[in-house]
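Below are the chains, spelled out letter by letter.
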Amino acid sequence: MCGIIGYIGRREAAPLLLNGLKRLEYRGYDSAGMAVLNGSMKMLKKKGSVSNLEELLNVSGTVMLGATVGIAHTRWATHGDPSDRNAHPHMNVSDDIALIHNGIIENYSTLKQELMAEGYEFESDTDSEVLVHLIDRIWKNDLALGLEGSVRHALRHVDGAYGICVVSSREPDKIVVARKGSPLVIGLGDGEFFIASDAAPIVEHTNKVVYLSDGEMAVVTRDNYTVKTIENVEQQKRVTELDFSLEKIEKGGFEHFMLKEIFEQPEVMRDVMRGRVRVEEGLVQLGGIHDYLDRLKQAKRIVICACGTSWHAGLIGEYLIEEFARIPVEVDYASEFRYRNPIVSADDVVIVISQSGETADTLAALRLAKEKGAMVMGICNVVGSTIPRETLCGMYTHAGPEVGVASTKAFTAQVIVLFMLAMALSKGRTISHEEIRLNLRELADVPDKVARILEQNDAIKEIAVKLKDARNALYLGRGYNFPVALEGALKLKEISYIHAEGYPAAEMKHGPIALIDEDMPVIVIATRDNTYAKILSNIEEVRSRKGRVIAIASEGDREIERLTKDVIYIPQASAAVLPLLTVIPLQLLSYHVATLRGCNVDRPRNLAKSVTVE
Ligand code: G6P
């Protein structure tokens, strides 16, 4: 996701900041920029890679000479397309305050309206820009507040997540930073300080760092730093010594991007719901489709088109929308849809799902659906990619950049978006307000439950040892867990090259049962829901043919231990949110099997992250 680097000291800031941005490139981004102070504020920003910004610096960087304080940013778009003007830093009208921001300001549109009513003009479509104008307004109204006080007051008006760095030519010898939900770390050098969103750009300068906690602010000068809470209470911070390699830091301390992305899921899930779900009020607010919701509710049919993992998310979407919103849903492989002359009309809504927003088959399906007059909606992760540009409306998943080729966090983010959509489509039509509230409660509880599953990583690795020499594997699930069985099998084959198939458990008797013997591990998702008893019978059938069973079961289920020793428990939850939980152990299982087999999990052979050709 977005990256932050700030510097205050005695050296030239611009080259240090540029170097820091290069260290942050691994996080994924779409534009970059920096602001420095040398008497007055100087800012440069550019869409595209850090090298674009570097070129700009080579041409016009002399204006930045002599600056020993500055802030810089790599942006990953959430609000507003990737473009020069949406890149950070953002400045106030008098160009004397500059701000960079990671996170999402949930109430930005209310704040923006207020500020515009007072005459503030906005130059970007970002949520972040409201912050700089807000600080400006507060400071103008009470000059005694200074930069620090104005930032503190401004943050009191803000809902959402942020990691921010602010500089001002009115107080040129300091950087004010604050964090809530988006990490910030201060690197302690000799007569100089670094501020960054993670240690990657800091580690080459110093190994002494202070991690800010949520709700804390810091004022950093050349000789000192002070940390206080946003309520202005001074904090004593522990200095941590880094003993990581740069490579490890880039992966958040994990061995591979895939593992990092699996572990990011609780946080990502909260980000997906941020500003969209209000549990107690039973409210789902989906800005990107708000104006089209009535048309969506009136659809005669919804057709979901996608490829790969996104297609599996689509299948879960089918179950959710049909169960709650009672609108008929069909799920098609985009590659099939585009060539089979499908029946699609203006009464249909076609939803395309794509992490990258660039998959060739999905794009072709979207264009065909449009040609046939259907309303087309997108669910994508990459802001400003082709698919969201060509759909009438849609929702971003806000999962942040996914580097591992095998999709993990983007999948769970897609499922959450589909869950929210199902609730929005049901509201006032098919289920009661109370049912919506209960469903949203279940959804909001998912991130904590996922965190609990992740704690079992070591136990899952032990089970992976037993699976690593298999040549085939069968995954079984029913109901909401059937698409998870497909996704579990796909994850295993993608990264470990073990042949794996997913099946609805009851279909086992129509074919796969013929394959079962002592060499066929069977991974069964056997959570406590309305098909539990039937799944237990499937497990018995596998056992009686000497098949080895690995079960994913609900916490508290002792019965399952009678049937297999290899059980991974997940917390109790309602059936509709189960896929968000049951998929986690399957992701980890595939990851460990693949690494135990020595496979390159982040770049599996023959696969591409984004398939832009047929
Ligand atoms: C490739 C990737 C998969 C992904 C699929 C669809 O096969 O390796 O991880 O699920 O494309 O990609 P999309 O970006 O459209 O979701």
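Residues numbered from 1 in each chain as written. Predicted model: local features only at pLDDT ≥ 70, side-chain atom pairs only at ≥ 80, totals over all residues. Heavy atoms only, no water.

**Section: the sheet that holds strand β24 (residues 499-504)**
- Ordered by their spatial adjacency, 5 strands build an open sheet running β24-β23-β25-β26-β27, and the pairing between neighbours is parallel. Of all strands in the sheet, those bounded by a partner on one side alone are β24 and β27 (566-570). Between one strand axis and the next, the sheet turns through 15° on average, direction left out of account.
- Here strand β26 (residues 548-554) runs beside β27; their pairing, made up of 5 bridges, is parallel. Within β27, the residue paired with Ala-551 across the bridge is Val-567.
- Each of β23 (472-477), β24 and β25 (521-526) is contacted by helix α17 (residues 481-496), which is oriented at about 175° to β24, the strand it contacts most. (Pairing = 2+ DSSP bridges. Helix = DSSP H or I, 4+ residues; strand = E, 2+ residues; numbered from the N terminus. Axes fitted to C-alpha atoms, helices over the stretch in contact; angles between N-to-C directions. Contact = heavy atoms within 4.5 Å.)

**With respect to the packing of aromatic side chains**
- Considering all chains together, one arrives at 5 aromatic pairs under this definition.
- Look at Tyr-7 and Phe-194: their rings are 5.2 Å apart centre to centre, the planes differ by 55°, and that puts the pair in the tilted class. Taken together, the positions of Tyr-7 in strand β1 (residues 3-8) and Phe-194 in strand β10 (residues 193-196) put the pair 187 residues apart, joining distant regions of the chain. Grouping residues by exposure puts Tyr-7 and Phe-194 together as buried.
- Look at Trp-311 and Tyr-333: their rings are 3.9 Å apart centre to centre, the planes differ by 15°, and that puts the pair in the stacked class. Pair noted here: Trp-311 is in helix α10 (residues 308-325) and Tyr-333 is in strand β19 (residues 329-333), with a separation of 22 residues, a long-range link.
- Judged by relative accessible area, which is 11%, Trp-311 ranks as buried.
- A residue is classified by how much of its surface remains accessible, and Tyr-333, at 38% relative accessible area, is partly exposed.
- Across the ring face of Trp-139, the terminal group of Arg-170 is positioned such that the distance to the ring centre comes to 4.1 Å.
- In this structure, Arg-605 is placed above the aromatic ring of Tyr-497, and the distance from its NZ or CZ to the ring centre is 3.8 Å. (Phe/Tyr/Trp six-rings, centres within 6.5 Å; stacked < 30°, edge-to-face > 60°. Buried < 20%, exposed > 50% of the residue type's maximum accessible area, 1.4 Å probe, protein only. Lys NZ or Arg CZ within 6 Å of the ring centre and 35° of its normal.)

**Remarks on empty space enclosed by the protein**
- With the rule as written, the count across this model stands at 1 cavity of 30 Å³ or more.
- A volume near 70 Å³ is recorded for the largest cavity.
- A breakdown of the residues in the lining of the largest cavity according to their chemical character gives 3 nonpolar, 8 polar and 2 charged. (1 Å grid on protein atoms, 1.4 Å probe; cavity = no way out; pocket = protein on both sides within 12 Å on 5 of 7 lines; lining within 4 Å. Points joined across faces, edges and corners; volume = space filled by probe spheres on them. Nonpolar A, V, L, I, M, F, W, Y, C, P; charged D, E, K, R; others polar.)

**Re the pairing of β10**
- Because side chains alternate across β10, one face comprises the buried residues Phe-193 and Ile-195, and the other comprises Phe-194 and Ala-196, equally buried.
- Bridging between strand β9 (residues 185-188) and β10 involves 4 bridges; their strand directions are antiparallel. Within β10, the position partnered with Ile-186 by the bridge is Ile-195.
- Remark: 4 residues form the turn of the hairpin made by β9 and β10, two consecutive strands paired antiparallel; Gly-191 in that turn has positive phi of roughly 70°.

**Overview of the domain arrangement of the protein chain**
- With domains assigned, the protein chain is organised as domain 1 (3-249), domain 2 (254-444) and domain 3 (448-607).
- Taken over C-alpha atoms, the centre of domain 1 sits 44 Å from the centre of domain 3. (Domains from an automatic or database assignment.)

**Observations concerning the pattern of salt bridges**
- For the structure on display, the rule yields 44 salt bridges.
- The shortest N-O distance in the salt bridge between Lys-260 and Glu-264 comes to 2.9 Å.
- Salt-bridge contacts for Arg-367 lead to Glu-390; the nearest nitrogen and oxygen are separated by 2.6 Å. Within this pair, whereas Arg-367 is found in helix α12 (residues 360-371), its partner Glu-390 is found in helix α13 (residues 386-390), the two being separated by 23 residues in sequence. (Salt bridge = Lys/Arg side-chain N within 4 Å of Asp/Glu carboxyl O.)

**Quick look at the site of the ligand**
- Contacts to the ligand come from 13 residues, most closely from Ser-310, Ser-354, Gln-355, Ser-356 and Thr-359.
- Here an oxygen atom of the ligand and a side-chain polar atom of Ser-310 are 2.5 Å apart.
- Between the ligand and Ala-608, the relevant distance is 2.9 Å, taken from an oxygen atom to a main-chain nitrogen or oxygen of the residue.
- For the ligand, whose free accessible area comes to 390 Å², the fraction covered by protein is 90%. (Near = heavy atom within 4 Å. Polar contact = N/O pair within 3.5 Å; in protein donor to acceptor, adjacent residues only side chain to side chain. Areas by Shrake-Rupley, 256 points an atom, 1.4 Å probe, with all protein chains shown as cover.)

**What about the pairing of β1?**
- Burial runs high along β1: 6 of the 6 residues are buried.
- Of the two faces of β1, both are covered, the one formed by Gly-3, Ile-5 and Tyr-7 as well as the one formed by Ile-4, Gly-6 and Ile-8.
- Looking at chain direction, β1 and strand β4 (residues 69-75) are connected through 6 bridges and run antiparallel. The residue bridging Ile-5 from the neighbouring strand is Ala-72, located in β4.
- Relative to β10, β1 runs antiparallel, the two sharing 4 bridges. Its bridge partner lying in β10, Ile-8 is registered against Phe-193.

**Considerations on the environment of Tyr-319**
- Within the secondary structure, Tyr-319 is located in helix α10.
- Considering only alpha carbons, one finds Tyr-319 and Glu-330, 11 residues apart in sequence, at a separation of 10.0 Å.
- Excluding residues within four positions of it along the chain, Tyr-319 makes contact with Gly-479, Tyr-480 and Phe-482.

**Brief notes about the sheet that holds strand β2 (residues 31-38)**
- Read from one edge of the open sheet, 8 strands run β3-β2-β4-β1-β10-β9-β11-β15, paired in antiparallel fashion. Edge strands, defined here as strands with exactly one partner in the open sheet, are β3 (40-47) and β15 (240-241).
- Relative to β2, helix α1 (residues 13-23) is tilted by about 160°, and along the sheet it contacts β1, β2 and β4.
- Most of the contacts of helix α2 (residues 50-60) go to β3, to which it runs at about 135°, and overall it touches β2, β3 and β4.

**Thoughts on helix α19 (residues 578-596)**
- Its 19 residues place the ends of α19 28 Å apart at the C-alpha level, agreeing with the 27 Å of an ideal helix rising 1.5 Å per residue.
- The element α19 is largely enclosed, with a buried count of 17 among its 19 residues.
- Of the residues one or two after α19, Gly-598 is the one with positive phi, at around 75°. (Expected span 1.5 Å × (residues − 1).)

**Focus on the environment of Val-593**
- Summarising the element assignment, Val-593 is placed in helix α19.
- Considered as a pair, Val-593 and Val-549 are 44 residues apart in the sequence and their alpha carbons are 16 Å apart.
- Those residues within four positions of Val-593 in sequence are excluded, and the remaining contacts are Ala-464, Leu-467, Lys-468, Leu-492, Ser-496 and Ile-498.

**Here's the deal with the side chain of Thr-397**
- Looking at the secondary structure, you find Thr-397 in the loop between β22 (393-396) and α14 (409-426).
- Residue class for Thr-397 comes out buried when judged on its relative accessible area of 1%.
- Polar side-chain contacts of Thr-397 include one of 2.8 Å to the side chain of Asn-381.

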